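Observations on the model geometry
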Amino acid sequence: MRHSQTVAFYTLGCKLNFSETSGIARLFEEEGYARVDFREGANIVVINTCSVTDNADKKCRQIVKQARNLSPDSFIAVIGCYAQLKPNEIAEIEGVNLVLGANEKFNLLEHIQQWEEKESTTVISGEIKNVKDFYPSYSYGDRTRSFLKVQDGCDYFCSFCTIPLARGRSRSNTVAETVKVAREIAETEVKEVVLTGVNIGDFGKGTEETFFDLIQALDQVEGIDRYRISSIEPNLLSNEIIEFVAQSKKFVPHFHIPLQSGSNHMLREMRRRYSRELYTDRIALIKKLMPNACIGVDVIVGYPGETEELFLETYQYLNELDVSYFHVFTYSERNNTVAIRKGNVIPIKVRKERSKMLQILSEKKKRYFYQTQLNQEFSVLFEAQEQNGEMFGFTENYLKVKATYHPDWINQLKQVVPLSVNADGTVKAEVLLDELVHA
């Protein structure tokens, strides 16, 4: 294939996908390709897909169509979870040239360089059980933060989830190799690193190393001011991890802990690996050691068999739990999962009603949490986002702070005192002008 000058990427789904897109993009840039914005059109367009919901599948089709409209002669490659799960379905989308499964997506550049024009779409996708290599990556392009991939795959076969089928078994690098990548990030302007993966608490599985070993080592890396733990299963969030974060100067008091249901019956049906009681204990310890900690929760509504009583059990549990916000997922049927074979299907209308109820509760929780944080001192990492002469940033415990735009504050840690909660859910704060925070 003729060497093309420009390449554009479109990423769907999770932060892990964004991290991997960045890693693949760097390979292209090192070979002399110019990365351009997707909206500009490019010789090569790479779509990194997600398949957590049906909507993600539909979105892939829309993006292929957009790419073709922007650059009718472009070469379109589709990678990611949807490409592993349903490669032949993607191959039928008009305009797709190449589909790569999980084992081949990091060899994309090689496949493109060896490309020979064919009439039909090329699909290279093996069985997921053969995917064993770990490819480190991290996002870049945002001066403020980077998403560092520390783990991939999942050995948990929850009844609603296709991720193990899309990404394979749990695997990770060594602590030493992961620290080496973190030091690479520390050489950039990035101030905050978010640890990401499919099931990051499983880091080091099959070896003598653990996630706890990793965070202890990362805490010693100079040049990074903050670390966030993106999402961690409650049964893998050990007391020692919580205690370590509580005394760390770099790991911030912000946790995102999937719950999925507040009913033990539903947790068993979903094949989750913990009880509601264990979840309650984790929250209690975090709040005991870090009273200002922000805690996010994943919850699924409308799972088969979720009666009105069982849903209200979840609602009541979350209402009383000392957490800060929810990510609410409306259950959607996925092929090759246990859940799709279950009876007692919840009507879509009911699923949406329950989702709306929890989203409203989440907004109330978030607002209440913000109110409890007023008139205390925090550090904010300001971002370059400018809107109506304003800029935004997040405190260590994830309060979104709005301030008058100052270009010299971008990517700076500043001390602030939150004063009130704005109508849009952000915080108005007094910035202590003379103090820059140095970790």
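Here's a quick rundown of the structure. Just so we're clear, the structure is a prediction, and the values are computed from it rather than from any experiment.

**Considering the packing of helix H9 (residues 239-247) against helix H11 (residues 276-289)**
Relative to each other, H9 and H11 sit at 20°, their axes nearing to 10 Å. If you check the angle between H9 and H11, you find them roughly parallel. Crossing hand, H9 versus H11: right-handed. Only Arg282, Leu285, Ile286 and Leu289 of H11 make contact with H9, whose side of the interface consists of Asn239, Ile242, Glu243 and Ala246. Its residues placed into classes, the contact of H9 with H11 shows five nonpolar, one polar and two charged.

**Considerations on the sheet that holds strand S14 (residues 294-301)**
Reading across the sheet, the three strands line up as S13-S14-S15 and stay open at both edges, with parallel pairing between neighbours. Two strands in the sheet have a free side with no partner beyond their single neighbour: strand S13 (254-260) and strand S15 (325-330). Each strand axis lies, on average, 20° off the axis of its neighbour in the sheet, ignoring direction. Of the pairings in the sheet, the one linking S14 to S15 comprises six bridges and is parallel in character. Looking across to S15, one finds that valine 297 is bridged to phenylalanine 326. Helix H12 (residues 308-320) rests against S13, S14 and S15 of the sheet, and its axis sits at about 175° to S14.

**Concerning the nonpolar core**
In globular proteins that are soluble, nonpolar side chains generally tend to be buried together. Counting residues in hydrophobic clusters, the biggest one holds 67 residues, and the most contacted among them are Leu195, Phe211 and Leu358. Counting residues per element, this core draws most heavily on helix H7 (residues 175-186), at six residues. Non-local contacts of leucine 358, meaning those with residues more than four positions away in its chain, are made with Val299, Val301, Phe311, Tyr315, Leu318, Phe326 and Val328. Judged by nonpolar contacts, the second largest core, of 20 residues, contains Val36, Ile47, Cys60 and Val96.

**Some words on the sheet that holds strand S2 (residues 34-35)**
Strands in a sheet are paired, the pairing made by backbone hydrogen bonds, and the direction either parallel or antiparallel. Read from one edge to the other, the open sheet built from six strands follows the order S2-S1-S3-S4-S5-S6, with strand pairing classed as parallel. For this open sheet the edge positions go to S2 and strand S6 (122-124), each flanked by a neighbour on one side alone. Where strand S4 (residues 75-80) lies against strand S5 (residues 98-100), two bridges are found, and the strand directions are parallel. Residue valine 78 lies in a different strand from S5, and its bridge partner there is valine 99.

**Some details on the packing of aromatic side chains**
Ring pairs (aromatic) are described by centroid distance and by the angle formed between their planes. One pass over the structure, following the stated rule, counts 14 aromatic pairs. Relative to tyrosine 398, the ring of phenylalanine 394 lies with its centre 4.7 Å away and its plane at 15°, an arrangement referred to as stacked. The exposure class of tyrosine 398 is partly exposed, given its relative accessible area of 29%. Among the aromatic residues, those joined into a cluster by ring pairs are Phe212, Tyr227, Phe244 and Phe251. Its guanidinium or amino end placed over the ring of phenylalanine 392, lysine 400 lies 4.7 Å from that ring's centre, counting from NZ or CZ.

**Regarding the pattern of salt bridges**
Applying the stated criterion to the full structure yields 26 salt bridges. As a salt-bridge pair, glutamate 192 and arginine 226 come within 3.1 Å of each other at their nearest N and O atoms. Taken together, the positions of glutamate 192 in strand S11 (residues 192-196) and arginine 226 in strand S12 (residues 226-229) put the pair 34 residues apart, joining distant regions of the chain. The class of glutamate 192 is buried, set by a relative accessible area of 1%. A salt bridge links glutamate 333 to arginine 351, with the shortest nitrogen-to-oxygen separation between them at 2.8 Å. Taken together, the residues span a long stretch of sequence, with glutamate 333 in the loop between S15 and helix H13 (348-372) and arginine 351 in helix H13 at a distance of 18 residues. Note on glutamate 333: relative accessible area 28%, which makes it partly exposed. Here the salt bridges do not stand alone but share partners, grouping Glu20, Lys105, Lys149, Asp152, Arg167 and Arg171 into one network.

**Observations concerning helix H8 (residues 211-218)**
Phe211, Phe212, Leu214, Ile215 and Leu218 are the residues of H8 that are buried. Buried positions in H8, seen along its axis, are confined to an arc of 160° and lie on one side of it. Elements in contact with the buried residues of H8: H7, S11, S12 and H9.

**Observations regarding empty space enclosed by the protein**
This model, assessed by the stated rule, comprises two cavities of 30 Å³ or more. When its volume is computed, the largest cavity comes out at roughly 50 Å³. Around the largest cavity, the lining residues are Ala102, Asn103, Lys105, Phe106, Val131, Asp133, Tyr135, Asp152, Ala166, Arg167 and Arg171. Counted by class, the lining of the largest cavity contains five nonpolar, one polar and five charged residues. In this structure, the second largest cavity spans a volume of roughly 40 Å³. Lining of the second largest cavity is provided by Phe134, Pro136, Leu148, Lys149, Val150, Asn173, Thr178 and Val181. Within the residue set of the lining of the second largest cavity, elements represented by two or more residues are strand S8 (145-149) and H7. Residue composition of the lining of the second largest cavity, by class: five nonpolar, two polar and one charged.

**Remarks on the side chain of asparagine 411**
Its place among the elements puts asparagine 411 in the loop between strand S18 (400-404) and strand S19 (413-421). Of the polar contacts made by the side chain of asparagine 411, one reaches the backbone oxygen of glutamate 189; its length is 2.8 Å. Not counting residues up to four positions away in its chain, the partners in contact with asparagine 411 are Arg143, Thr144, Glu189, Lys191, Leu381 and Phe382.

**Topic: the environment of glutamate 240**
Summarising the element assignment, glutamate 240 is placed in helix H9. Among the residues examined, glutamate 240 registers a relative accessible area of 40% and is labelled partly exposed.

Rules used in this analysis
Residues numbered from 1 in each chain as written. Predicted model: local features only at pLDDT ≥ 70, side-chain atom pairs only at ≥ 80, totals over all residues. Heavy atoms only, no water. Axes fitted to C-alpha atoms, helices over the stretch in contact; angles between N-to-C directions. Helix = DSSP H or I, 4+ residues; strand = E, 2+ residues; numbered from the N terminus. Parallel < 35°, antiparallel > 145°, perpendicular 65-115°, else oblique. Left-handed = near helix turned anticlockwise from the far one by under 90°. Contact = heavy atoms within 4.5 Å. Nonpolar A, V, L, I, M, F, W, Y, C, P; charged D, E, K, R; others polar. Pairing = 2+ DSSP bridges. Core = buried A, V, L, I, M, F, W, Y, C linked by side-chain atoms within 4.5 Å. Buried < 20%, exposed > 50% of the residue type's maximum accessible area, 1.4 Å probe, protein only. Phe/Tyr/Trp six-rings, centres within 6.5 Å; stacked < 30°, edge-to-face > 60°. Lys NZ or Arg CZ within 6 Å of the ring centre and 35° of its normal. Salt bridge = Lys/Arg side-chain N within 4 Å of Asp/Glu carboxyl O. Arc of directions from axis to C-beta. 1 Å grid on protein atoms, 1.4 Å probe; cavity = no way out; pocket = protein on both sides within 12 Å on 5 of 7 lines; lining within 4 Å. Points joined across faces, edges and corners; volume = space filled by probe spheres on them. Polar contact = N/O pair within 3.5 Å; in protein donor to acceptor, adjacent residues only side chain to side chain.

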